[in-house]
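So the chains spell out like this:
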Amino acid sequence: MQSHQDRTADHPGRSSDRVVVLFTKPARPGRVKTRMTPHYTAAEACSLHDALLRDVLAQTAVPEASYELVVAWAVDEGEALPDVGDWVASPAPRVVRQSGNDLGERLVAALGDQCTFGAERVAAIGSDHPELDRDGLEAAFAGLDDHDCVLAPAQDGGYSLIALRCEAVVPALFEGIDWSTPRVLEQTLSRLEGHGLSALLLEVIHDIDEPADLEALARRLAASSGPARAVATLAWFEEHGR
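Here we summarise the structure given alongside this text. (Residues numbered from 1 in each chain as written. Predicted model: local features only at pLDDT ≥ 70, side-chain atom pairs only at ≥ 80, totals over all residues. Heavy atoms only, no water.)

## Notes on the overall build of the protein
Each helix and strand in the protein was counted, giving six helices and nine strands. Counting every position in the protein, which comprises 242 residues, the buried fraction comes to 50%. A fraction of 71% describes how many contacts in the protein between residues 6 or more apart in sequence connect residues 24 or more apart. In the form shown here, the protein has an accessible surface area of approximately 11100 Å², with 49% of it arising from carbon and sulfur atoms. Taken together, the 21 basic and 39 acidic charged side chains of the protein have centroids lying 2 Å from each other. (Helix = DSSP H or I, 4+ residues; strand = E, 2+ residues; numbered from the N terminus. Buried < 20%, exposed > 50% of the residue type's maximum accessible area, 1.4 Å probe, protein only. Contact = heavy atoms within 4.5 Å. Areas by Shrake-Rupley, 256 points an atom, 1.4 Å probe, with all protein chains shown as cover. Lys, Arg positive; Asp, Glu negative; His and termini not counted. Charge placed at Lys NZ, Arg CZ, Asp CG, Glu CD.)

## Some words on the sheet that holds strand E3 (residues 68-73)
Taken in spatial order, the seven strands line up as E5-E3-E2-E6-E8-E7-E9 in an open sheet, and their pairing is mixed. Because the sheet does not close on itself, it has two edges, and the strands there are strand E5 (94-97) and strand E9 (199-201). Taking each pair of neighbouring strands and ignoring which way they run, the sheet shows an average axis angle of 20°. Two elements, strand E2 (residues 18-24) and E3, share six bridges in a ladder whose sense is parallel. Paired with Thr24 across the strands is Trp73, a residue of E3. Helix H2 (residues 103-116) contacts E2, E3, E5, strand E6 (121-126) and strand E8 (159-165) of the sheet and is inclined by roughly 150° relative to E2. On the sheet, helix H3 (residues 134-143) packs against E2, E6, strand E7 (149-153), E8 and E9 and is oriented at approximately 130° with respect to E2. (Pairing = 2+ DSSP bridges. Axes fitted to C-alpha atoms, helices over the stretch in contact; angles between N-to-C directions.)

Shape descriptors only; they carry no functional weight alone.
As structure tokens, this is what we get:
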């Protein structure tokens, strides 16, 4: 991937009132997929991270989508933002820099920015859900017709996707959450209820965090009769899986 200047601007242009923010990191040893080691080397974990990101982009950054995709990078101060333009169909997603001390602050900052720039509905996803596709995101936005928040649970007690009406993007929803624990979804639902906000749960969308998750992914997709998904991730597993 090439790098370039941060595209964030006072008002960066809007092609849709629905915006999906994809949170990810550059593939650096020791910074990504750390729970895959020592089963896999740090270099293999980096290449797996890239494969996962390629799949999520291929399945969500599609021209016919009703939403705009923005890629939010977790990078160090002064570090250039990677460009994903070579990985997706035209037009390439905008890229922005994450800000905040924890995941909750980063979610509020990124989603709040998009609401300030003119979005009415926003969603956040990660780059380790290779079965997530456009249909899943469209379903989440459709769920906001009747609910303030839509969540897709992950198999580990967290969530793989959160979609919100902009009026529901409030810092209190993300404060005091025990991130990276099995309590994330439960605590988030409790925050929503406490603020009088309605929530809809979609089907589980699996994370790929540990070696066993790759094996389970391969089994699910082998049994599926739907369209091809997670192509890059499965190719990686065929080459490196053990």
